[in-house]
Amino acid sequence: MQLINYINLSTMQRNLLKALIYICINAVICNYAYSQATPAKPLTMVSAGVPVNYDEDKVGTYTLPDVLTLKNGKKVTDKQTWLNQRRQEIVKLFEQYQFGEAPPKPSALNFNVFDKGTSVFNGNVIRKQVTVYLTPDTSAHKMDILMYLPAKATKPVPLVLLLSFAPNSTAAFDYPGVKQGVVWDKNGKKTPAPKTGLGTVTKADVERFTSAGFAVATIYYGDIEPDYKLGYREGIRGYYLKPGQQVPADNEWGAISAWAWGLSRAMDYLETDKQIDSKRVALHGISRLAKTVLWTGAHDTRFKMVLESCAGEGGGALSRRNFGENIAHMTDTSRYYYQFAPNWHKYSNDFNASPVDAHMLVALMAPRYLLMQTGTTDLWSDPHGEFLAAIAAQPVYNLFDLQGPGNAKWPEGGDASLAYNPLGYYMHIGGHGTVPSDWDIYFNYVKKYL
């Protein structure tokens, strides 16, 4: 191949070459860093000093709490009793024993739409940006929503809202116009967010949804609360500590509940936005953020759909199964104790004693829509345990004549035969997280139900 003589190029040619190189490098990095699930790696055999089991024959015996039996022992046989009684009982159990109780909607909540609509992506998409102020002090405790809407929409559109590990300024090859914001590291250090355009969702994904009449939005979870052990001191939980209180009480909210609370505040804004159909909003999150969106949808029925990616232990996978990560691993004080109500740690030595389990969390989505997406090699997150949770939640969906996995066999990786049910399950071939092909499944699921 003939080499280009850079010195002899004109200024315009040099700039074009620089732009081409920049685009290529960004595309390669983006594909490598963000468009793939975590690659397979050696299985964790010990975590927090506790052995990890990957043998189905050693998961132990367990009995799941009956989702359709009220506290008084009576059986739930109709959807109204589920909606008005049993559902509320289960929500209270999760608040008390796993995720923790969160405060109500703050009276001081207010919004600033600082980017009211900017044409992007060759005029096909409108970008919109909003700051949600969570407390009276607008200099702290605020989160930004980055939104992309179809440019030609003539009525309110449904929205897919992503809770992201990545700041908004890394979102969709649109960084020059996106507010930079800040990013937190695992040590609690806050720095200006990068402006790389390599984050939550690609430009192609945005345009796929907007061209079909959907809006796409993203929120950086660190805006709500930093993700580290003492993050509550800087996050929204610290604001709500009572005078003299140093740490959240045993039944008070962990970080997951705080992030979920933030998503509900985003919904408070969306209900005021005339461009968005707030009755048709879907949530998406990966890993701990999958646990978050699952708890958000379970707790706040204003969200119509949840797309959870590898929620695993504490999310979609049965806790009573001693397979992969378990309660003891997850709630150890050296690991993710801070993400849950302290009460949940009390069951680390006896999983069966917990008043709640994942099938109950899944059931709380009924009669709304839930897609549980897992990965074949993500044994740490127990993809089979998520499938079994869906099976055990099916009786609640039956009350509404809605299809879930029923009595189907656990599907193989890549088999989408159960993906498009109101209670859907899909396992990609690969590891933890979301792979490019999952977006095809999400898109079709959203088109069908949203």
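You'll find the structure just up there.
Here the residue numbers are simple positions, counted from 1 along each chain's written sequence. For a predicted model such as this one, the threshold for reporting local features is a pLDDT of at least 70, and the threshold for listing and counting side-chain atom pairs is 80 or more; totals across whole chains, interfaces and linings nevertheless cover every residue. Based on all heavy atoms of the structure, the side-chain values leave hydrogens and waters out of the count.

K.L.:
Just to check I follow, could you spell out a nonpolar patch on the surface for this structure?
P.N.:
Side chains of Leu 43, Met 45 and Val 46 sit close together on the surface and give an oily, nonpolar patch of about 280 Å² of accessible area. Every helix listed is a DSSP run of H or I at least four residues long, and every strand listed is a run of E at least two residues long, numbered separately from the N terminus. Along the chain, Val 46 falls in strand E1 (residues 46–47). Remark: exposure states derive from per-residue accessible area (1.4 Å probe, protein chains only) relative to the maximum for the residue type, with buried under 20%, exposed over 50%, and partly exposed in between. Look at Val 46 and you get exposed, because its relative accessible area is 54%. Patch membership requires more than 30% relative accessible area and the absence of a salt bridge. Residues of like charge join within 9 Å; the nonpolar side chains Val, Leu, Ile, Met, Phe, Trp and Tyr join within 5 Å. For the area figures, the Shrake-Rupley method with a 1.4 Å probe applies, and any residue is considered shielded solely by the protein chains shown. A side-chain nitrogen of Lys or Arg and a carboxyl oxygen of Asp or Glu constitute a salt bridge if their distance falls within 4 Å.

K.L.:
Just checking my understanding: could you explain the nonpolar core for this structure?
P.N.:
Within soluble globular proteins, side chains that are nonpolar tend to cluster in buried spots. Only buried residues count toward a nonpolar core. Its members are Ala, Val, Leu, Ile, Met, Phe, Trp, Tyr and Cys residues joined through side-chain atoms within 4.5 Å. Counting residues in hydrophobic clusters, the biggest one holds 87 residues, and the most contacted among them are Trp 82, Phe 94, Ile 145, Met 147, Leu 161 and Leu 370. No other element matches the 11 residues that helix H5 (residues 255–270) contributes to this core. Residue contacts are counted whenever heavy atoms from the two residues lie within 4.5 Å of one another. Ignoring any residue separated from it by four or fewer positions in sequence, one finds Leu 161 in contact with Ala 217, Thr 218, Ile 219, Leu 263, Ala 266, Val 281, Ala 282, Leu 283 and His 284. Counting 30 residues, the second largest nonpolar core, distinct from the first, contains Val 120, Met 305, Tyr 426 and Val 446.

K.L.:
Would you explain the layout of surface pockets in this entry?
P.N.:
One way to see where empty space is left: roll a probe the size of a water molecule over the atoms. Approximately 330 Å³ is the volume attributed to the second largest pocket. Residue lining of the second largest pocket: 19 residues in total, with His 141, Lys 142, Val 182, Lys 190 and Asp 223 positioned closest to the centre. Listing elements by their share of the lining of the second largest pocket, those giving two or more residues are strand E5 (142–150) and strand E7 (182–184). At three residues, the largest contribution of residues to the lining of the second largest pocket is made by E5. Considering only residue class, the lining of the second largest pocket consists of seven nonpolar, five polar and seven charged. A cavity here means a set of points on a 1 Å grid, drawn over the protein atoms and nothing else, where a 1.4 Å probe fits but cannot get out; a pocket is an open set with protein on both sides within 12 Å along at least five of seven lines, and a residue lines either one if it has an atom within 4 Å of a point. Grid points are joined across faces, edges and corners, and a volume is the space filled by probe spheres set on the points. As a working rule, the residues Ala, Val, Leu, Ile, Met, Phe, Trp, Tyr, Cys and Pro are called nonpolar, Asp, Glu, Lys and Arg charged, and the rest polar, with Gly in that last group.

K.L.:
Even after reading the chapter, I still don't get the pattern of salt bridges, so can you show me in this structure?
P.N.:
When the charged atoms of two side chains lie near each other, side chains of opposite charge can form a pair. Counted under the stated rule, the structure contains 24 salt bridges. As a salt-bridge pair, Lys 128 and Asp 273 come within 2.8 Å of each other at their nearest N and O atoms. Of this pair, Lys 128 sits in strand E4 (residues 125–133) while Asp 273 sits in the loop between H5 and strand E10 (276–286); the two residues are 145 residues apart in sequence, bridging distant segments of the chain. Owing to a relative accessible area of 7%, Lys 128 belongs among the buried residues under this scheme. What you see here is one network of salt bridges that share partners, running through Arg 265, Asp 268, Glu 271, Asp 300 and Arg 302.

K.L.:
Hey, could you run me through the packing of aromatic side chains in this one?
P.N.:
Under the pairing criterion, centres of Phe, Tyr and Trp rings, with the six-membered ring standing for Trp, must be within 6.5 Å; the plane angle then separates stacked pairs below 30 degrees from edge-to-face pairs above 60, leaving the rest tilted. Under the defined criterion, the tally for this structure stands at 24 aromatic pairs. Plain terms: the ring middles of Tyr 97 and Tyr 347 are 6.4 Å apart, the flat faces sit at 70 degrees to each other, and that makes the pair edge-to-face. Note that Tyr 97 is positioned in helix H2 (residues 79–97) and Tyr 347 in the loop between helix H7 (327–330) and helix H8 (358–363), a separation of 250 residues in sequence. Judged by its relative accessible area of 26%, Tyr 97 falls in the partly exposed class. For Tyr 347, a relative accessible area of 13% puts it in the buried group. Between Tyr 336 and Tyr 338 the ring centres are 6.3 Å apart and the planes differ by 70 degrees, which places this aromatic pair in the edge-to-face class. Note on Tyr 336: relative accessible area 22%, which makes it partly exposed. What makes Tyr 338 buried here is its relative accessible area of 10%.

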